[in-house]
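What follows is the residue order along each chain.
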Amino acid sequence: MARINVKVKPGCKQASRLEKQEDDSYVAFLHARAHDGEANTELLKLLSKELGVPKTQIEIVAGAKGRDKIIEY
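All chains use their own residue numbering, which begins from 1 and follows the written sequence. Only residues with pLDDT of at least 70 get local features here, since the model is predicted, and only at 80 or more are side-chain atom pairs given and counted; chain-wide, interface and lining totals rely on the full set of residues. Just so you know, side-chain values use all the structure's heavy atoms and leave hydrogens and water out.

Draft legend 1. A look at the packing of aromatic side chains. Working definition: a ring pair exists when centres of Phe, Tyr or Trp rings (six-membered ring for Trp) sit within 6.5 Å. Plane angles under 30 degrees give stacked, over 60 give edge-to-face, the rest tilted. Throughout the structure, instances matching the rule amount to zero aromatic pairs. The ring centre of F29 lies 4.2 Å from the NZ or CZ of R17, which sits over that ring. Definition used: whenever NZ (Lys) or CZ (Arg) falls within 6 Å of the ring centre and also within 35 degrees of the ring normal, the charge is taken to sit over that ring.

Draft legend 2. Structural detail: the pairing of strand β2 (residues 17-20). Bridge count between β2 and strand β3 (residues 26-29): four bridges; the pairing is antiparallel. Opposite E19, over in β3, you have V27 as the bridge partner. The loop that links β2 with its antiparallel partner β3 comprises five residues; one of these, D24, has a positive phi angle of about 70°. One bridge is not enough; two strands pair if DSSP finds at least two bridges between them. Secondary structure counts use DSSP, requiring at least four H or I residues in a row for a helix and at least two E residues in a row for a strand, with both numbered from the N terminus.

Draft legend 3. Layout of the sheet that holds strand β5 (residues 68-72). In space, the five strands of this open sheet follow the order β2-β3-β1-β5-β4, with mixed pairing throughout. Among the strands making up the open sheet, the edge pair consists of β2 and β4 (59-62). Sheet twist, expressed as the mean angle between neighbouring strand axes with direction ignored, is 35°. Of the strand pairs in this sheet, strand β1 (residues 3-9) and β3 are connected by four bridges, and their pairing is parallel. Pairing of K7 across the sheet is with V27, part of β3. Lines fitted to C-alpha atoms define the axes, with helix axes restricted to the stretch in contact, and inter-axis angles between N-to-C directions lie between 0 and 180 degrees.

Draft legend 4. The arrangement of unusual backbone geometry in detail. A positive phi angle, near 70°, is found at D24, a position not held by glycine. Of note, D24 is situated in the loop between β2 and β3. In this model, D36 sits at a positive phi of 55°, which is unusual for a non-glycine residue. Within the element layout of this structure, D36 appears in the loop between β3 and α1 (38-51). Here D36 falls in the exposed class, since its relative accessible area comes to 70%. Burial here depends on accessible area, computed with a 1.4 Å probe over protein chains only, as a share of the maximum for the residue type. Under 20% is buried, over 50% is exposed, and the range in between is partly exposed.

Draft legend 5. Highlighting the nonpolar core. Judged by nonpolar contacts, the single largest core of 15 residues is most densely connected at V6, A28, L30, L43, L47 and I71. Mapped onto this core, the elements with two or more residues apiece are β1, β3 and α1. Per-element tally for this core: the top contributor is α1, with four residues. Every residue pair with non-hydrogen atoms within 4.5 Å of one another is taken to be in contact. In this structure, L47 is in contact with I4, L18, G52, I58 and I71, ignoring residues within four places of it in sequence. Side-chain atoms within 4.5 Å are what join buried Ala, Val, Leu, Ile, Met, Phe, Trp, Tyr and Cys residues into a set we call a nonpolar core.

Spelled out as structure tokens, the structure:
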């Protein structure tokens with residue numbers, strides 16, 4: 001299993017995208033708002049697409065209610 005750090009920026013007006021940083025962490029720009037888990041759901045879909053891993057294999061292990069998250073897949 002691998003772990004990555006993701007900083008989430010919800011409520012962006014453009015299409016959702018994922019950017020890799022120099023320190024091997026990621027920044028996720030999400031169209032969904034941080035309301036009722038919508039941003040987390042969109043984040044899991046985006047990571048699944050970008051990493052080529054099924055959504056069921058991706059888990060938010062820390063930061064589910066914050067913007068800084070640790071993801072395990």
